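Listed here are the chains, written in short residue letters.
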Amino acid sequence: MLFSSIVFLFIFFPAVLTLYYMFFFSRACQNVILLLASLIFYAWGEPLYVLLMFASILVNSLLAGVVQKLKGEGSRKAVLFIAVAANLATLFIFKYGYVTTNS
């Protein structure tokens, strides 16, 4: 599904927007709706990449917990640097890596 497709513009986007504003009273519910809608959107194009998204979410959550628990400024920055580097490496590999789908 592309952002300019009929399915996105007239079905998916209005449905997500409606659900989002129906839960105006709960920011947590709105965040869950956006998370699920994002995963559905990515799964629509390539379901395999949803596993990559889950892995990225898990790694980022774990590293954020580590940063929160650390006391020293230097060690917090080091873990933050590792997290940013891991995300950029993942982006670089999947965006610019030579991957062929032809058999």
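Before reading on, note that the structure itself is shown above.
Since we're looking at a predicted model, the values are computed, not measured.

**Overview of the nonpolar core**
Counting six residues, the largest nonpolar core is built from Met1, Phe8, Phe12, Val16, Ala37 and Phe41. At the level of elements, helix H1 (6-22) and helix H2 (27-45) are the ones that each hand at least two residues to this core. For this core, the element with the most residues is H1, which contributes three residues. Leave out the neighbours within four places in its chain, and Met1 touches Val7, Phe8, Phe12, Phe41, Trp44 and Gly45.

**Digging into the packing of aromatic side chains**
Counted under the stated rule, the structure contains twelve aromatic pairs. Ring plane angle 85° and centroid distance 5.3 Å describe the contact between Phe3 and Phe8, whose orientation is recorded as edge-to-face. For Phe8, a relative accessible area of 11% gives the class buried. Between the aromatic rings of Phe12 and Phe41, the centroid separation amounts to 6.2 Å while the plane-to-plane angle is 35°, which identifies the pairing as tilted. Pair noted here: Phe12 is in helix H1 and Phe41 is in helix H2, with a separation of 29 residues, a long-range link. Per residue, the accessibility class of Phe12 equals that of Phe41, and both read buried. The structure contains a cluster of three or more aromatic residues connected by ring pairs, namely Phe3, Phe8, Phe12, Phe13, Phe41 and Tyr42.

**Thoughts on the packing of helix H3 (residues 48-69) against helix H4 (residues 73-96)**
Each pair of packed helices gets described by two things: the angle between the helix axes and the distance between those axes. Where H3 meets H4, the axes come as close as 9 Å, and the angle between the chain directions of the two elements is 170°. With respect to H4, the element H3 is oriented roughly antiparallel. In contact with Tyr49, Leu52, Ser56, Asn60, Leu63, Val66 and Val67 of H3, H4 contributes Arg76, Val79, Leu80, Ala83, Asn87, Thr90 and Phe94. Each residue belonging to the contact of H3 with H4 can be placed in one class, and the counts come to nine nonpolar, four polar and one charged.

Each value, and the rule that gives it
- Residues numbered from 1 in each chain as written.
- Predicted model: local features only at pLDDT ≥ 70, side-chain atom pairs only at ≥ 80, totals over all residues.
- Heavy atoms only, no water.
- Core = buried A, V, L, I, M, F, W, Y, C linked by side-chain atoms within 4.5 Å.
- Buried < 20%, exposed > 50% of the residue type's maximum accessible area, 1.4 Å probe, protein only.
- Helix = DSSP H or I, 4+ residues; strand = E, 2+ residues; numbered from the N terminus.
- Contact = heavy atoms within 4.5 Å.
- Phe/Tyr/Trp six-rings, centres within 6.5 Å; stacked < 30°, edge-to-face > 60°.
- Axes fitted to C-alpha atoms, helices over the stretch in contact; angles between N-to-C directions.
- Parallel < 35°, antiparallel > 145°, perpendicular 65-115°, else oblique.
- Nonpolar A, V, L, I, M, F, W, Y, C, P; charged D, E, K, R; others polar.

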